[in-house]
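Fold and contact review
What follows is the residue order along each chain.
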Amino acid sequence: MLRFTAGTDDLLASRFAIAPLLELDKLLRRLSGREGRPMPRDWSDRLRPAYRRLRAETDLDAVLALYPPHYGADFVAPPPHGLAQTVDDDLARVRGTPLSLARREIAECLRRRPTDDPRVLSVLRDRNVVARIADVLEIAWRELLADDWPRLRAICERDVVHRAGLLSREGWAAAIAGLDPRTRWHDGAIEIQLRYGSGTVDLEGAGLLLIPSVFVWPHVSAYTEQPWPKALVYPARGISALWEPSTPADPGAVGDLIGRSRALLLAALDEPASTTQLARTLGMAPGAVGDHLTVLRRAGLLGRARSGRSVLYHRTPLGDALAAQQ
């Protein structure tokens with residue numbers, strides 16, 4: 001068991017972030033079959049041809065060599081700084097990695113999982129290894145994740161809205177509850193039942209970095225060593241729907257009453273969300289979402305409130321009652 005001991009200062013200092021290249025890391029591990037549950041059939045069928053092509057035509061196998069079990073080279077998935085993090089930010093940090101640091105992390109990866117593949121070793125021993133790895137990561141992002149990222153990022157952002165509200169209003173116990181069955185708040189500490197790793201880590205007033213993730217599901221990951229801050233990567237709320245077999249949403253009689261699109265929007269607002277987040281999640285045009293939200297709000301089914309720079313919509317009690325019929 002890993003324990004993060006936390007005090008009042010840690011609660012105030014804790015923050016949320018989104019980590020694009022960490023998501024690519026988790027996706028590549030799943031596609032390689034080396035870690036995590038298999039990809040859902042529809043995702044696998046869609047991504048695997050591009051994945052195989054990248055392995056044949058690029059240096060992707062050299063990147064995969066940096067993902068031994070329960071470890072990874074930090075420079076290929078740098079720690080995020082906040083919610084505005086983009087993949088371009090991450091790639092710039094990868095390209096700025098000192099060669100000496102990259103070589104140390106590469107050596108540790110090869111120690112944990114040796115390889116005699118000459119193609120892989122030629123890349124990892126090249127003086128331009130950092131640039132070559134960054135170029136492959138950029139290509140892999142574009143080919144495997146870029147199209148899905150707006151929708152997936154919106155899910156992570158909605159999780160942050162929900163969990164940050166719990167953390168600020170009710171403290172650690174409320175924010176940690178429901179995060180993962182293996183994670184709980186107990187006796188002044190966040191306790192995590194990991195498949196590997198144990199010990200007690202004092203947050204020392206620096207707080208915890210909380211990172212909602214798509215591809216970490218159904219597990220959690222913890223970071224305790226430099227260059228990462230103390231961090232917890234956990235499955236974003238609602239992401240399991242992407243991994244479980246499902247049938248197309250059917251709004252039923254509520255859809256007949258108010259229209260299919262408005263019924264789907266009403267159902268999607270289990271937690272407050274912005275127009276952009278809803279558009280990304282449901283694959284609808286932002287303008288159309290805005291028009292539907294206006295109608296639903298005038299009908300008394302939705303309310304809205306400003307949160308920072310965003311306007312978040314939420315269901316009213318009447319909206320909850322109607323959504324419950326779907």
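Whatever comes next refers back to the structure up there.
For clarity, every value in this text was computed on a predicted model and none was experimentally measured.

1. Quick look at the overall build of the protein
Tallying secondary structure elements over the protein gives 16 helices and 10 strands in all. The C-alpha atoms of the protein give 21 Å as radius of gyration, which agrees with the globular expectation for 326 residues (20 Å, within 12%). Its C-alpha atoms put the protein at 65 × 50 × 30 Å along the principal axes. Put simply, the protein has 326 residues, and 50% of those count as buried. Charged side chains of the protein number 44 positive and 40 negative; the gap between the two group centres comes to 2 Å.

2. Section: the nonpolar core
Side chains that are nonpolar tend, in soluble globular proteins, to be buried together. The biggest cluster of nonpolar side chains holds 50 residues, and the ones touching the most others in it are I133, L137 and L144. Elements represented by at least two residues in this core include exactly α2 (20–32), α3 (41–57), α4 (60–64), α5 (87–95), α6 (99–112), α7 (118–124), α8 (129–145) and α9 (149–170). By residue number, the principal contributor to this core is α8, which donates 10 residues. Setting aside residues no more than four positions away along its own chain, L137 makes contact with L21, L24, V63, Y67, V76, L91 and V94. Membership of the second largest hydrophobic core comes to 23 residues, among which are I176, I190, L210 and V220.

3. What about the packing of aromatic side chains?
Applying the stated criterion to the full structure yields four aromatic pairs. Both rings, one in W43 and one in F215, keep their centres 5.7 Å apart while their planes meet at 65°; by these two values the pair is edge-to-face. Pair noted here: W43 is in helix α3 and F215 is in the loop between β6 (209–213) and β7 (221–223), with a separation of 172 residues, a long-range link. The buried category is assigned to W43, whose relative accessible area is 5%. Judged by centre distance (6.0 Å) and plane angle (15°), the rings of W172 and W185 are stacked. Here W172, found in helix α10 (residues 172–176), pairs with W185, found in strand β3 (residues 183–186); they are 13 residues apart in sequence, far enough to count as distant. For W172, a relative accessible area of 6% gives the class buried. Taking NZ or CZ as reference, R46 lies 5.7 Å from the ring centre of W43, over its face. Here the basic side chain of R112 rests over the ring of Y71, its NZ or CZ set 4.1 Å away from the ring centre.

4. A closer look at the sheet that holds strand β8 (residues 231–235)
The strand order across the open sheet built from four strands is β2-β6-β8-β7, with neighbouring strands paired in mixed fashion. Either end of the sheet is taken by a strand with one partner, and the two such strands are β2 (15–16) and β7. Pairing of β6 with β8 involves five bridges; the strand directions are parallel. In the sheet register, L209 faces β8, and the bridge partner there is A231. In the packing of α9 onto the sheet, the strands contacted are β2, β6 and β8, and the crossing angle to β6 comes to about 145°.

5. Looking at the side chain of H292
Note on placement: H292 falls in helix α15 (residues 286–298). In this view, H292 contacts S261, R262, L265 and M284; residues no more than four positions away in its chain are not counted.

6. Looking at the side chain of D90
Structurally, D90 is set in helix α5. Here D90 is buried and forms no salt bridge, its nearest opposite-charge partner R93 lying at an N-O distance of 5.4 Å. Within the structure, D90 has its side chain in polar contact with the side chain of Q85 (distance 2.6 Å).

The rules we used
Residues numbered from 1 in each chain as written. Predicted model: local features only at pLDDT ≥ 70, side-chain atom pairs only at ≥ 80, totals over all residues. Heavy atoms only, no water. Helix = DSSP H or I, 4+ residues; strand = E, 2+ residues; numbered from the N terminus. Rg over C-alpha atoms; globule rule 2.2 N^0.38 Å. Buried < 20%, exposed > 50% of the residue type's maximum accessible area, 1.4 Å probe, protein only. Lys, Arg positive; Asp, Glu negative; His and termini not counted. Charge placed at Lys NZ, Arg CZ, Asp CG, Glu CD. Core = buried A, V, L, I, M, F, W, Y, C linked by side-chain atoms within 4.5 Å. Contact = heavy atoms within 4.5 Å. Phe/Tyr/Trp six-rings, centres within 6.5 Å; stacked < 30°, edge-to-face > 60°. Lys NZ or Arg CZ within 6 Å of the ring centre and 35° of its normal. Pairing = 2+ DSSP bridges. Axes fitted to C-alpha atoms, helices over the stretch in contact; angles between N-to-C directions. Salt bridge = Lys/Arg side-chain N within 4 Å of Asp/Glu carboxyl O. Polar contact = N/O pair within 3.5 Å; in protein donor to acceptor, adjacent residues only side chain to side chain.

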